[in-house]
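Each chain is listed here by its residues.
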Amino acid sequence: PDIGMTLWNLGNAYKKAKNVVKATKLFQECLSVREKSLPTTHPLVIAVLKELSRILFDQELYAESLQLCRRLHNILKALRPLSEDMATVCHSMGMCCLEIGQLDAAEEAFTESVRIESAL
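Residue positions are counted from 1 within each chain, in the order its sequence is given. Side-chain atom pairs in this predicted model are given and counted only at pLDDT of 80 or more, local residue features only at pLDDT of at least 70, and totals for whole chains, interfaces and linings cover all residues. Derived side-chain values reflect all non-hydrogen atoms in the structure, with water molecules and hydrogen atoms excluded from consideration.

Moving on: the environment of Trp8. Helix and strand definitions follow DSSP, with helices as H or I runs of at least four residues and strands as E runs of at least two, each counted in order from the N terminus. Counting through the fold element by element, Trp8 comes out in helix α1 (residues 3-16). Per-residue accessibility, obtained with a 1.4 Å probe over protein chains only, is compared with the maximum for each type, and a residue is labelled buried under 20%, exposed over 50%, and partly exposed between these values. Overall, the relative accessible area of 21% leaves Trp8 in the partly exposed class. Placed 15 residues apart in sequence, Trp8 and Ala23 show a C-alpha to C-alpha distance of 8.9 Å.

Spelled out as structure tokens, the structure:
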């Protein structure tokens, strides 16, 4: 069996049960497993990064969420710079920056998100 998928499914189950602390731990474990066995550009790694970033944001762990958003941004910049995923990541970066008071960075991220959306 695929331990990464098991951790992913358990993380989603705990998230659904509103146990975000346990869900976060499981998604972090899932990310660790995925990164050991797959390239960082693999869709399964990207999916875990996106989900973990969302959960951290929802827990008001904005700096940690921003760090994952920046990783996603770098990955997507190389893979598909003009995509809905990239626009979403830029928007998420902007939201994180707003929450931690980095207004210039927030404006830059939102501007990039709008530019990408306009190009799609």
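What follows deals with the side chain of Arg34. Residue placement: Arg34 occurs in helix α2 (residues 20-37). Residue Arg34 is classed as buried on the basis of its relative accessible area, which comes to 5%. The contact criterion used is simple: two residues touch if any of their non-hydrogen atoms lie within 4.5 Å. The residues touching Arg34, leaving out its near neighbours within four places in the chain, are Asp2, Gly4, Met5, Leu44, Val45 and Val48.

Before going further, it helps to spend a moment on the packing of aromatic side chains. Whether two aromatic rings pair depends on their centres lying within 6.5 Å, for rings of Phe, Tyr and Trp, where Trp uses its six-membered ring; planes under 30 degrees apart make the pair stacked, over 60 edge-to-face, and the rest tilted. A complete count under the given rule lists two aromatic pairs for this structure. Note on Trp8 and Phe27: the rings are 5.3 Å apart at their centroids and 75° apart in plane angle, and the pair reads as edge-to-face. Placement of the pair is Trp8 in helix α1 and Phe27 in helix α2, with a sequence separation of 19 residues. With a relative accessible area of 0%, Phe27 lands in the buried category. Plain terms: the ring middles of Phe57 and Tyr62 are 5.0 Å apart, the flat faces sit at 65° to each other, and that makes the pair edge-to-face.

Shape is all these values report; function is a separate question.
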